[in-house]
Amino acid sequence: MTAGDEEAESALRRCLAMGADRAIRVDASPLDPVSTARALAGVVAAESADLVLTGVQSADSVQGSTGTALAELLELPRVAVVTRIDWSGTGLGTVDRELEGGLIDVVEVDTPALLTVQTGINKPRYANLRAIKQAEQQEISVVAVDAGEPAYRVRRMITPPRGAGAELLDGDPSAVAQRIVELVTERLG
Amino acid sequence: MSVLVVAEQLQGRVRDVTYELITAASALGGPVAVAAIGSDPASLDVNRVGVDEIVHVRVEQAEFENDVYQAALERLIAERRPDVVLLGFTVNSMGYAGAVAAKLGLGFASDVFAVSRDGDAVVATRAFYGSKTHGELEFAAGKPVLLLLRPTAWPPAEEAGAANVTELALEPVASRARHIEFREAAKGDVDITTADFLLSIGRGIGEQENIAMFEELAAKLGATLAVSRPIVDAGWMPNARQVGQSGKTVKPKVYLAFGISGAVQHLAGMKTSETIIAVNTDPEAAIFDVAHYGVVADLFDVADELAKLVD
């Protein structure tokens, strides 16, 4: 399940090709994580899932908060930034939470629960050609929702100056490599 | 503009980001209150210049748990009615801040690296689309704004202060996700935090087969090989080699990066290196923001030439 416009359906089709049984697109493109959670909440609640999995953060906004906000709206226990899940399907689960610096916090969590899952938790299966073809034919349910008021107003977007501080090393690869070796030798002292 | 900071602690130690939050809070004008939540809040040293009040919130749980911090923050907001609440953009905050914002209908944004006031409004700046653009977000006055600030974006408040200490009573919290123990990530064969010279590789190297040539190049150059998160996620190198927020923070004399675009989480772990040289095909890569020397080129061409030079 995802929230987004029609463009988001290609990602859902990849999920179907990789083994998902159904896909749902919530037709809303909220700006902020709390609004996104509101857009998703009713549809997720209707599934009555024992475990709700979200990513930690999106690649474009990196707010890291949609899953946690969603858990609150669903009144679910939750753990954020999970790198291991040990759960038999009922009762308590045990999960690893990855803290800064790689320290692991082992957490016991009541279920049903929502976990925001860190990248690298496992190796995604490959979608074979047949599955990709099948996924193209599969229907994606589309649900319209109202996400309500955004959590902020965007005053303006600006393009930051890029690489302002970096001195660019020009020339062909061998000249550049020569310069790098010189710099390294000089800086290592 | 009244500001509430929630101190972050781990195993009884206040984490550095807390002092950075205090710097950001005092710049907003104050008064500034810092909440110390824990089983022994008095042991948490958050008394710094710029802090007007330290609120001790005593709880049963010694270590961070989502539900405990959420209950404490909701109570703090109800009683202190701050205009702005500042937390670090950390794994702990990601566990409860969004929940509090959703429940109380607060203004909310995370990974914020600049905050200012404009009259009664709060303006926060954060990056979008892989740091390609920055957005200035405006929060109207009238309800508290909860902001998660990017670690290392503000200097830490260092000088000891003279804040008043108060207590806030909180009934016991039935926590639904409970801390059991801490485990250190598996120790690797090397310690990248002590190396003078790191050769660091990222997603740009493309294939697992290419790891070997960079291992060889690192050995020839006398460098230690480090990696960014995608390389660890792919299972190509162990976590012990990872630089960044979820890996190690490094400060070598020379950091030579190949094919690392420079996600914020990566930059947080290496931007204070003495000399940063970055090679990337994308002239827009964010790594060039922190690099001292940049090379916009095919990284394999440059790596090949380097290997020839040091053969």
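Values in this document were obtained by computation on a predicted structure and should not be read as measured data.

## As for the sheet that holds strand β1 (residues 2-3) of chain A
Residues and elements named next belong to chain A. What the three strands build is an open sheet, ordered β1-β2-β8; its pairing is parallel. The two strands at the open ends of the sheet, each matched to only one other strand, are β1 and β8 (141-144). Judged from the four bridges that link them, strand β2 (residues 24-27) and β8 form a sheet pairing that is parallel. Following the sheet pairing, D27 is matched in β8 by A144.

## Some remarks on unusual backbone geometry
A cis amide bond links A:T111 with the next residue in sequence, A:P112, at an omega value of 0 degrees. Tracing the backbone shows A:P112 in the loop between β6 (104-109) and β7 (113-117). Here the amide bond leading from B:G30 into B:P31 is cis, since omega sits at 5 degrees, within 30 degrees of zero. Relative to the helices and strands, B:P31 resides in the loop between α1 (16-27) and β4 (32-38). Of note, the phi angle at A:E75 is positive, near 55 degrees, even though the residue is not glycine. Looking at the secondary structure, you find A:E75 in the loop between α3 (66-73) and β4 (78-86).

## Let's talk about the domain arrangement of chain B
Residue and element names in this part refer to chain B. Taken as a whole, chain B is organised into domain 1 (3-169) and domain 2 (192-310). Centre-to-centre separation of domain 1 and domain 2, based on C-alpha positions: 33 Å. On the domain 2 side, the residues contacting the six residues of domain 1 number six residues. Taking both partners together, domain 1 and domain 2 bury about 520 Å²; carbon and sulfur atoms supply 48% of that area. Three residues, S131, K132 and T152, lead the burial of domain 1 against domain 2; their summed loss comes to 58% of the area buried on that side. The interface formed by domain 1 and domain 2 includes one salt bridge. Among the salt bridges present, the one from K132 reaches D282, with a minimum N-O distance of 3.5 Å.

## Overview of the packing of helix α5 (residues 173-188) of chain A against helix α9 (residues 299-309) of chain B
Closest axis-to-axis distance for the α5(A)/α9(B) pair is 8 Å, and the angle between their directions is 60 degrees. Considered as vectors, α5(A) and α9(B) are oriented oblique to each other. Between α5(A) and α9(B) lies a crossing of right-handed hand. Contacts between α5(A) and α9(B) involve A:P173, A:S174, A:V176, A:A177, A:Q178, A:I180 and A:V181 from the former and B:D301, B:V302, B:E305, B:L306 and B:L309 from the latter. Residue classes in the contact of α5(A) with α9(B) are distributed as eight nonpolar, two polar and two charged.

## Describing the packing of aromatic side chains
Residues and elements named next belong to chain B. Scanning all chains against the criterion turns up seven aromatic pairs over all chains. Ring centres of F214 and F258 lie 5.5 Å apart, and the angle between their planes is 50 degrees; on these two criteria the pair is classed as tilted. Residue F214 is found in helix α5 (residues 211-221), and its partner F258 is found in strand β15 (residues 254-258); the two are separated by 44 residues along the sequence. Here F214 and F258 have matching classes, each one buried. The interplanar angle of 55 degrees and the centroid separation of 6.2 Å between the aromatic rings of F214 and F300 together place this pair among those described as tilted. Taken as a pair, F214 in helix α5 and F300 in helix α9 lie far apart in primary sequence, 86 residues in all. A relative accessible area of 24% means that F300 is categorised as partly exposed. Here the aromatic cluster, defined as three or more aromatic residues joined through ring pairs, consists of F64, Y69 and Y96. Note that R126 overlies the ring of F128, its terminal NZ or CZ placed 4.9 Å from the centroid.

## Description of helix α1 (residues 9-17) of chain A
Residues and elements named next belong to chain A. Those residues of α1 not exposed but buried are E9, L12, L16 and A17. Down the axis of α1, the buried side of the element spans an arc of 145 degrees, and every buried residue falls inside it. Of the exposed residues in α1, those oriented more than 90 degrees away from the buried face are S10 and R14. The inward-facing, buried residues of α1 abut β1, β2, α4 (129-137) and β8. Backbone geometry just after α1 places G19 at a positive phi near 130 degrees.

Calculation notes
- Residues numbered from 1 in each chain as written.
- Chains lettered and ligands numbered in written order.
- Predicted model: local features only at pLDDT ≥ 70, side-chain atom pairs only at ≥ 80, totals over all residues.
- Heavy atoms only, no water.
- Pairing = 2+ DSSP bridges.
- Helix = DSSP H or I, 4+ residues; strand = E, 2+ residues; numbered from the N terminus.
- Domains from an automatic or database assignment.
- Contact = heavy atoms within 4.5 Å.
- Buried area = accessible area lost by both parts, 1.4 Å probe.
- Salt bridge = Lys/Arg side-chain N within 4 Å of Asp/Glu carboxyl O.
- Axes fitted to C-alpha atoms, helices over the stretch in contact; angles between N-to-C directions.
- Parallel < 35°, antiparallel > 145°, perpendicular 65-115°, else oblique.
- Left-handed = near helix turned anticlockwise from the far one by under 90°.
- Nonpolar A, V, L, I, M, F, W, Y, C, P; charged D, E, K, R; others polar.
- Phe/Tyr/Trp six-rings, centres within 6.5 Å; stacked < 30°, edge-to-face > 60°.
- Buried < 20%, exposed > 50% of the residue type's maximum accessible area, 1.4 Å probe, protein only.
- Lys NZ or Arg CZ within 6 Å of the ring centre and 35° of its normal.
- Arc of directions from axis to C-beta.

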